[in-house]
Amino acid sequence: MNYSFRKKNKIVKYIVIHYTGMKNLNLAYQKLSDSYSNVSSHYLISRGGKIFNLLCPKFKAWHAGKSKWGLETNINDYSIGIELENKGHEHGYRNFTKNQYISLGKIINFLRANFYISDRDIIYHSDISPNRKKDPGEKFFINNIDVKRFKFKKKQIKYYSLNQMLVLYGFHLSYIKNYKKYCIESVKRSLNYKNISPQITKKFIRDFNNLLFN
Ligand SMILES: [Zn+2]
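Model, not experiment: these values are computed from the prediction.

So, how was this worked out
Residues numbered from 1 in each chain as written. Predicted model: local features only at pLDDT ≥ 70, side-chain atom pairs only at ≥ 80, totals over all residues. Helix = DSSP H or I, 4+ residues; strand = E, 2+ residues; numbered from the N terminus. Rg over C-alpha atoms; globule rule 2.2 N^0.38 Å. Buried ≥ 20, exposed ≤ 12 C-beta atoms within 10 Å, placed from the backbone. Contact = placed C-beta atoms within 7 Å. Pairing = 2+ DSSP bridges. Axes fitted to C-alpha atoms, helices over the stretch in contact; angles between N-to-C directions. Left-handed = near helix turned anticlockwise from the far one by under 90°. Nonpolar A, V, L, I, M, F, W, Y, C, P; charged D, E, K, R; others polar. Core = buried A, V, L, I, M, F, W, Y, C linked by C-beta atoms within 7 Å.

(A) Inspection of the overall build of the chain at higher detail. Broken down by element type, the chain carries 8 helices and 9 strands. Its C-alpha atoms give the chain a radius of gyration of 17 Å, within 12% of the compact-globule value 17 Å for 214 residues. Considering only C-alpha atoms, the chain reaches an extent of 50 × 40 × 30 Å along its principal axes. A burial count over the chain gives 37% of its 214 residues as buried. Put simply, 68% of the contacts in the chain that link residues at least 6 apart link residues at least 24 apart.

(B) Region of the structure containing the sheet that holds strand E4 (residues 51-53). Pairing within the open sheet is mixed, and its 5 strands lie in the order E4-E3-E8-E2-E9. Bordering the open sheet on either side are E4 and strand E9 (122-124), each of which pairs with just one other strand. The average angle at which neighbouring strand axes cross in this sheet is 25°, direction not considered. Across the sheet, helix H1 (residues 25-33) lies against strand E3 (43-45), E4 and strand E8 (79-84), angled at about 180° from E3, the strand it touches most. Docked against the sheet, helix H3 (residues 98-114) engages strand E2 (14-19), E3, E4, E8 and E9, running at close to 170° with respect to E8.

(C) Structural context of the environment of Gln 164. Following the sequence through the fold, Gln 164 ends up in helix H5 (residues 162-169). When the 13 C-beta atoms within 10 Å are taken as the criterion, Gln 164 is described as partly exposed. Note: C-alpha distance between Gln 164 and Lys 13 (151 residues apart in sequence) is 23 Å.

(D) Layout of the packing of H5 against helix H8 (residues 202-213). Where H5 meets H8, the closest approach of the two axes is 11 Å, and the angle between their N-to-C directions is 35°. As for the relative orientation of H5 and H8, their crossing is left-handed in sense. Where H5 approaches H8, its residues Leu 162, Met 165, Leu 168 and Tyr 169 are matched on the opposing element by Ile 205, Phe 208, Asn 209 and Leu 212. Classifying every residue of the contact of H5 with H8 gives 7 nonpolar, 1 polar and no charged.

(E) Region of interest: the nonpolar core. Core analysis: the biggest nonpolar cluster contains 28 residues, and Ile 15, Val 16, Ile 17, Ile 75, Ile 82, Leu 104 and Ile 123 have the highest contact counts within it. Looking at this core, the element that brings in the most residues is E2, giving 5 residues. In this structure, Ile 82 is in contact with Ile 15, Ile 17, His 18, Ser 41, His 42, Tyr 43, Ile 45, Leu 104 and Ile 107, ignoring residues within four places of it in sequence. Within the second largest apolar cluster, 9 residues are counted, among which are Phe 171, Tyr 182, Val 187 and Phe 208.

(F) Up close: the pairing of E8. By the criterion of burial, E8 is predominantly enclosed, with 6 of the 6 residues buried. Side-chain alternation along E8 places Ser 79, Gly 81 and Glu 83 on one buried face and Ile 80, Ile 82 and Leu 84 on a second face that is also buried.

(G) Focus on the pairing of E2. For E2, a buried count of 6 out of 6 residues is recorded, marking the element as mostly surrounded by other parts of the structure. Bridge count between E2 and E8: 6 bridges; the pairing is parallel. The residue bridging Ile 17 from the neighbouring strand is Ile 82, located in E8. As paired elements, E2 and E9 share 3 bridges and run parallel to each other. If you follow Ile 17 over to E9, its bridge partner there is Tyr 124.

So, in structure tokens, the structure goes:
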């Protein structure tokens with residue numbers, strides 16, 4: 001068994017975007033649909049843009065693993081997982097294709113019509129497991145699917161500390177406390193930085209600020 005039933009009090013409110021991180025589509029397809037693999041996902045999108053609906057969203061897929069976001073833990077309980085075919089950082093990380101973005105946009109529009117999911121609730125695996133995961137990674141451009149994750153009103157206070165910005169971004173407090181450098185790397189992936197490091201520069205603070213408030 002590689003999926004389970006959703007508990008009645010756990011409502012779907014997030015979409016988690018992943019890459020497959022495997023050498024080819026067949027391997028990813030097999031793993032995600034193998035009942036002994038311990039992993040699954042609701043959707044898989046090939047580089048050509050073909051959509052595989054592997055599991056009905058009413059079931060809980062096992063895509064996020066140990067994960068936290070905002071005030072919640074075990075994000076599988078609350079989410080729908082979408083996997084984009086990409087070899088990933090381990091096997092040769094590549095740009096996502098135009099067809100993948102088109103198909104992803106279609107799935108997201110469909111899910112938004114059926115669940116209460118806002119732009120803010122479309123999140124990355126690297127956001128909810130920053131100490132373990134890099135996907136979908138810095139080559140994933142969310143602007144290509146017309147989703148604006150962050151649109152906070154211009155600051156009410158003059159200055160936000162880095163920690164306050166990390167909270168606003170959505171990281172679970174325990175991650176900010178224990179894995180801050182990974183949180184910073186995760187934000188850099190969201191910002192599509194080419195070089196990912198935990199270094200905090202003035203440019204990073206400025207870019208992070210613009211990501212949240214513009
Ligand atoms: Zn993932």
